[in-house]
Amino acid sequence: MEREDLHVVMYPWFAFGHISPFVQLANALSSRGVRVSFLSAPANIPRITSLSSSSIDIIPVDIPPIDGLPPTIQSTADMTFDMAELLKIAVDDMKPQIHTLLTKLKPQIILHDFTHHWMSSVASPLGIKTLYFCVFSAHASAYVMVPSRRDTPKPSDLQVAPPDFLGDSSLVQSLDPHEAAHIFYVFKSFYGGPSVYERGVSCMRDCDAIVCKSSSEMEGPYIDCLSAQYDKPVLLTGPLVQDPPPTGELDPEWKEWLDGFAPGSVVFCSFGSETFLDGTLIEELLIGVEKTGLPFLVVLNFPKEGGDDDDDGEKKLKRAIPEGFEERVKGRGRVRTGWVPQKCILGHASVGCYVNHAGLSSVMEGLINGCQLVLLPMKGDQFLNARLCEGGMGVGVAVRRGAEDGRFDREGVCEAVMKAVAAEEGVCERWRRILSDGELQGWYVSEFIRKMRALVDVEGGV
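Residues numbered from 1 in each chain as written. Predicted model: local features only at pLDDT ≥ 70, side-chain atom pairs only at ≥ 80, totals over all residues. Heavy atoms only, no water.

## Notes on the overall build of the chain
Secondary structure summary: the chain contains 19 helices and 13 strands in total. The C-alpha atoms of the chain give a radius of gyration of 22 Å, which matches the 23 Å a tight globule of 462 residues would have. Overall, the C-alpha framework of the chain stretches about 65 × 50 × 50 Å when taken along its three principal axes. Looking at the chain residue by residue over its 462 residues, the buried ones come to 56%. Considering only intrachain contacts with a sequence separation of at least 6, the fraction spanning at least 24 residues in the chain is 69%. (Helix = DSSP H or I, 4+ residues; strand = E, 2+ residues; numbered from the N terminus. Rg over C-alpha atoms; globule rule 2.2 N^0.38 Å. Buried < 20%, exposed > 50% of the residue type's maximum accessible area, 1.4 Å probe, protein only. Contact = heavy atoms within 4.5 Å.)

What follows is the structure, given as structure tokens:
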């Protein structure tokens, strides 16, 4: 098979935390001569186009109408919790549409997301190989999304690691009650549809190979564990990190403010577009970073709740900021909501500490920019990612919190930030070098392409 003859379709879940890694991989494949067709809903395409190579063919797919799901809202970033669950039901109704598209496109391979638990039943009869692209850490998947978890009737069952989870060498021997309670969401069914667990396990069970956005350096034992659980190959793309953008790309407003502080002195707090803190925790976070005495920038976003002020983040932010706070921190602290140029901010020399939700992509962004990490996971796989970072990779300081309710306080936030900024730079610098090693990252992508070719050329050839 000649290089340009390999045609791959990519189809992520309609959430930008999933779309972005798919786009990163699409760009890497396209730059090496692989033909890529990328499927998403029409409203998402302008943003995908802005992030992707011009050689990628971006194809709109229609979301079927469902009562309670506004037709103009096509990504989870703009949805309430209930809408996002309805969107999964709508995605299941897209099976005939995807069959028609694949019949027309005739790719050799489709890389799909956890929501598409039916993909093998559509693609395999057409002679198309299915690769489940897991955007979660292998560590989290091997702990939660394995067949032995099928009989998990209550949250406390998740406090104990599953059988064959690396025994005493595992980073996680048990989870706190609040962590298990959050993760138990994946076992819940909404509107009669399959749970996240049922979707994910079906994808891994039925696909031709599992794909992880990871590397042996980061997660070697957990990758092997996941492969053994499903008795099939796990292909690695590498972490797919992007080079830090030049600080010249920062808007003058941000650059001028950040330039006013010493190198490595600014604390940047951001939790992504779909991880939220409630009012009392916002107050504890803000006063906690205030207590450090360091300059800081905090970005907070708010969940969609179907109310009249859903689109007024500034109004919600104003209600959340403690009285007198802005006056006390004037000149050294800023609080914002909505989009900010996160990659450029992390790349600025004055930013030295990154308080984040332990989302896998956020952790990688912090490390490649040389930031010390403070980990404040709020849901799902984030708790397991924090264990991987702190225990397995030796990076990051987790904020102290209650085992039962998961609450944290201002003293815990201040303590974690001060511990992080005082940490030796050696371990973070090691990971920065690994993640910024273009030759190593290129090797992972090239090896991934080689294994895709082997999968297509020779049955069982990976």
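## Quick notes on the sheet that holds strand 2 (residues 35–40)
A sheet is described by the order of its strands in space; here seven strands give the open sequence 3-2-1-4-5-6-7, paired in parallel fashion. Strands at the two margins of the open sheet, each flanked by one partner only, are strand 3 (57–60) and strand 7 (234–236). Recorded for the sheet is a direction-independent mean angle of 25° between the axes of neighbouring strands. Relative to strand 5 (residues 129–134), strand 4 (residues 109–112) runs parallel, the two being bridged by four bridges. Within the sheet, the bridge partner assigned to L111 lies in strand 5 and is L131. (Pairing = 2+ DSSP bridges. Axes fitted to C-alpha atoms, helices over the stretch in contact; angles between N-to-C directions.)

## What about the packing of helix 1 (residues 16–30) against helix 19 (residues 438–457)?
Contact pair helix 1 / helix 19: the axes reach a minimum separation of 10 Å and the direction vectors enclose 80°. As summarised for this structure, helix 1 and helix 19 are arranged roughly perpendicular, according to the angle between their axes. In contact with L25, A28 and L29 of helix 1, helix 19 contributes V445, F448, I449 and M452. Across the contact of helix 1 with helix 19, the residue classes tally to seven nonpolar, no polar and no charged. (Parallel < 35°, antiparallel > 145°, perpendicular 65-115°, else oblique. Nonpolar A, V, L, I, M, F, W, Y, C, P; charged D, E, K, R; others polar.)

## Structural notes on the pairing of strand 4
Both faces of the sheet carry side chains from a regular strand, because those side chains alternate between them. Along strand 4, one buried face is formed by I109 and L111 and the opposite face, lined by I110 and H112, is buried too. Inspection of the sheet shows strand 1 (residues 7–11) paired to strand 4 by four bridges, in the parallel sense. Each bridged residue has a counterpart across the sheet, and for Y11 the counterpart in strand 4 is H112.

## Observations concerning the sheet that holds strand 9 (residues 296–299)
Strand order in this open sheet of six strands is 10-9-8-11-12-13, and the pairing throughout is parallel. Because the sheet does not close on itself, it has two edges, and the strands there are strand 10 (333–336) and strand 13 (397–398). With four bridges joining them, strand 11 (residues 351–356) and strand 12 (residues 372–375) adopt parallel strand pairing. Bridged to V355 within strand 12 is V374. In the packing of helix 17 (residues 410–421) onto the sheet, contacts are made with strand 8 (266–270), strand 11, strand 12 and strand 13, and the angle to strand 12 comes to roughly 160°.

## Some remarks on the side chain of D113
Assignment of secondary structure puts D113 in the loop between strand 4 and helix 5 (119–123). We note that D113 is buried and unpaired, the nearest opposite charge coming from R199 at a distance of 10 Å. D113 has contacts with Y11, P12, W13, H18, F22, Y132, F133 and C203, leaving out every residue within four places of it along the chain. (Lys, Arg positive; Asp, Glu negative; His and termini not counted. Salt bridge = Lys/Arg side-chain N within 4 Å of Asp/Glu carboxyl O.)

## Thoughts on the side chain of S202
Note on placement: S202 falls in helix 8 (residues 196–206). Exposure remark for S202: the relative accessible area of 14% places this residue in the buried category. Within the structure, S202 has its side chain in polar contact with the backbone oxygen of E198 (distance 2.8 Å). (Polar contact = N/O pair within 3.5 Å; in protein donor to acceptor, adjacent residues only side chain to side chain.)

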